[in-house]
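Fold and geometry: a report
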Amino acid sequence: MIDLRPATEHDLTEMVEIAINANAESRFVGEVDIEAAREYLRDFMIYDDRQIVVADNGGEIVGGVILALSKEIWAQPLCYVIKFWVLPAGRRTNASRLLLDYIFEVANDHDCLAVYSTATAELDDREQRLFVNLLKRSGFRDCGPTMKASL
C-alpha cells in the first residue's frame, strides 16, 4: 500500500540517487553535484513555503513531488510543482493519483490562485507524452510555451 509522507533527512541519500537516475534517463545535459543536490533537497524540507512529499511503498520511495508556494504580487499564492516523479516500481499503482490529489489539497489549503507545472524533464517522447497526458487529465491546460536556451 502506498502512503504519502513528508520527506526527511533520512531520505536524502535515496532522493539524490533518484535524481541522478532521473538525470541519466533524461536528455538534459549537465554534471551532477551530489552535495548541491543534497542542499537543494534539504532546503525544500526546512522552509515553510516549500515541501517534498514522497510516495512510500513499504519503506521504498516510489514517487514524489516537490512544491513551492509563491505569493508574488497577489493576495493569494501560486503553487508551483517543481518536480514530480513516479519510479518504475510505482507505475501502475495509485502513486501518481495520490501525488496529484496532494498537490491540489495543498493548493486549496493555502487558497492558491493556480497550480503551475512544466513538463521540462526532457524525457523520451513516450514518457514525456504520458506525463503531459496525466497533467491534462488532472485539469492542467497549456497556458504558454516553456523556452530554453542551452549555454
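It should be noted that the structure appears before, not after, this text.
No experiment lies behind these values; they were computed from the predicted model shown.

This next bit is on helix α3 (residues 95–109). Taking 1.5 Å as the rise per residue, α3 with 15 residues should run 21 Å; its terminal C-alpha atoms sit 21 Å apart, in good agreement. Those residues of α3 not exposed but buried are Ala95, Ser96, Leu99, Leu100, Tyr102, Ile103, Val106 and Ala107. Down the axis of α3, the buried side of the element spans an arc of 155°, and every buried residue falls inside it. Across α3 from its buried face, at more than 90 degrees, point the exposed residues Asn108 and Asp109. Against β1 (2–6), β2 (50–57), β3 (60–70), β4 (78–86), β5 (115–117) and α4 (125–137) lie the buried residues of α3.

This brings us to a nonpolar patch on the surface. Judged by side-chain polarity, Ile73, Trp74 and Leu113 come together as a nonpolar surface patch covering roughly 340 Å² of accessible area. Counting through the fold element by element, tryptophan 74 comes out in the loop between β3 and β4.

Between the first and last C-alpha of helix α2 (residues 34–46) there are 19 Å, a value that for 13 residues agrees with the 18 Å anticipated at 1.5 Å per step. Of all the positions in α2, only Ala37, Arg38, Leu41, Arg42 and Phe44 are classed as buried. End-on view of α2: buried residues confined to an arc of 155°, all on one side of the axis. Tucked inside the fold, the buried residues of α2 contact α1 (12–25), β2, β3 and β4.

Mapped onto the elements of the fold, glutamate 127 is located in helix α4. Contact partners of glutamate 127, with chain neighbours within four places excluded, come to Glu25 and Arg91.

At glutamate 72, a residue that is not glycine, the phi angle is positive and equals roughly 50°. Exposure remark for glutamate 72: the relative accessible area of 43% places this residue in the partly exposed category. Residues other than glycine seldom take positive phi values, yet aspartate 111 does so here, at roughly 55°. Within the fold, aspartate 111 resides in the loop between α3 and β5.

Another point: the pattern of salt bridges. A full pass over the atoms with the stated rule returns 12 salt bridges. Linking glutamate 35 and arginine 38 is a salt bridge whose minimum nitrogen-to-oxygen distance equals 4.0 Å. Remark: arginine 38 and glutamate 35 occur in helix α2; sequence separation between them is three residues, near one turn of the helix. Across the pair aspartate 142 and lysine 136 runs a salt bridge, and its minimum N-O distance is 3.4 Å. Overall, the relative accessible area of 42% leaves lysine 136 in the partly exposed class. One network of salt bridges, in which partners are shared, links Arg5, Asp11 and Asp56.

About the cut-offs
Within any chain, residue numbers begin from 1 and follow the written order of that chain's sequence. Where totals are concerned, whole chains, interfaces and linings use all residues; where local detail is concerned, this predicted model gives features only for residues with pLDDT of at least 70, and gives and counts side-chain atom pairs only at 80 or more. Side-chain metrics rest on all non-hydrogen atoms present in the structure, leaving aside hydrogens and water. Each helix corresponds to a stretch of at least 4 residues labelled H or I by DSSP, and each strand to a stretch of at least 2 residues labelled E; elements are numbered beginning at the N terminus. One less than the residue count of a helix, multiplied by 1.5 Å, gives the span that helix is expected to have. To sort residues, take the accessible area from a 1.4 Å probe on protein chains only and compare it with the maximum for the residue type: under 20% means buried, over 50% means exposed, and anything in between is partly exposed. An arc is given here, and it is the one of the directions from the helix axis to the C-beta atoms. The contact criterion used is simple: two residues touch if any of their non-hydrogen atoms lie within 4.5 Å. Only residues whose relative accessible area exceeds 30% and that form no salt bridge are eligible for patches; like-charged ones are grouped when within 9 Å, while nonpolar side chains (Val, Leu, Ile, Met, Phe, Trp, Tyr) are grouped when within 5 Å. For the accessible areas, the method is Shrake-Rupley and the probe is 1.4 Å, while residue cover comes only from the protein chains on display. Each salt bridge in this description consists of a side-chain nitrogen of Lys or Arg and a carboxyl oxygen of Asp or Glu lying within 4 Å of one another.

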